[in-house]
Amino acid sequence: MHEKLARRTFIVGGAALLASPAVIARAADGLSPEEFGLVRAINLMRKERGLKPLALRADLSEVARAYARRMAKEGFFDHISPEGEGPTERAEEAGYDWRRLGETLAAGFKTPEKAAESWRDSPGHAAIIFDPENRHVGVGFWRRNGEDDEEPRPEEYWTLLAGDTR
């Protein structure tokens, strides 16, 4: 594992839908409205800084959505799963041959814009979403039903993976 980390850039911390309608429709196929809104919000923020939009990757979005769902259902909030698996392992399992990869997480934000703003305002997260060397993005959203819980927890979970391949 150390050999892989030495050859690649890895960032964890607080990660292109500005195209024609046809491109947007193809890229957004399979995204929830919240996920679509998150990609749009991130890419609008990147545009304001003169950065290229991140291209949506279905494989990264599937990973991000599955992880948001897992955190919501199992009641944890961390870049590392209870079994010790991190974002790089999750991305590799999906076949993403990353050269660089960053993950941002948020919980409790009701809208994609609020989740994106929280990342923009956090230096560690902003470093990922505004990194000009990142080209790809995958996003995930999950809303849990907390009515039966004894402990209050966030109901909305957001995950973003941003990176580039070799």
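Each remark here, short or long, concerns the structure printed above.
None of the values given here were measured: they were computed from a predicted structure. (Residues numbered from 1 in each chain as written. Predicted model: local features only at pLDDT ≥ 70, side-chain atom pairs only at ≥ 80, totals over all residues. Heavy atoms only, no water.)

Asker: Kindly report on the pattern of salt bridges, identifying the contributing residues and their values.
Answerer: Here the structure, examined in full by the defined rule, presents 16 salt bridges. Close ionic contact of glutamate 35 with arginine 65 constitutes a salt bridge, the shortest N to O distance being 2.8 Å. Of this pair, glutamate 35 sits in helix H3 (residues 33-48) while arginine 65 is found in helix H4 (residues 58-74), placing the two residues 30 residues apart along the sequence. You can call arginine 65 partly exposed: its relative accessible area is 22%. Glutamate 133 is the partner of arginine 100 in a salt bridge, and the nearest nitrogen-oxygen pair spans 3.4 Å. Here arginine 100 is found in strand E3 (residues 98-107), whereas its partner glutamate 133 is found in the loop between helix H7 (123-129) and strand E4 (136-143), with 33 residues between them in sequence. According to the relative accessible area criterion, arginine 100 is buried, its value standing at 6%. Connected via shared salt-bridge partners are Arg99, Arg100, Asp131, Glu133, Arg135 and Asp164. (Salt bridge = Lys/Arg side-chain N within 4 Å of Asp/Glu carboxyl O. Helix = DSSP H or I, 4+ residues; strand = E, 2+ residues; numbered from the N terminus. Buried < 20%, exposed > 50% of the residue type's maximum accessible area, 1.4 Å probe, protein only.)

Asker: Could you give an account of the pairing of E4, with specific residues and numbers?
Answerer: Most of E4 is tucked away: 6 of the 8 residues are buried. Here strand E2 (residues 55-56) pairs with E4 via 2 bridges, running parallel. By the bridge assignment for E4, alanine 55 is matched with histidine 136. With 8 bridges joining them, E4 and strand E5 (residues 156-165) adopt antiparallel strand pairing. Its bridge partner being in E5, glycine 138 is matched across the sheet by leucine 161. (Pairing = 2+ DSSP bridges.)

Asker: I'd like a description of the nonpolar core, backed by residues and values.
Answerer: Ranked by size, the top nonpolar core spans 23 residues in total, and within it Leu38, Ile42, Trp119, Val137, Val139, Trp158 and Leu160 carry the most contacts. For this core, the secondary-structure elements that each account for two or more residues are H3, helix H6 (112-120), H7, E4 and E5. A per-element tally of this core places H3 first, with 5 residues. (Core = buried A, V, L, I, M, F, W, Y, C linked by side-chain atoms within 4.5 Å.)

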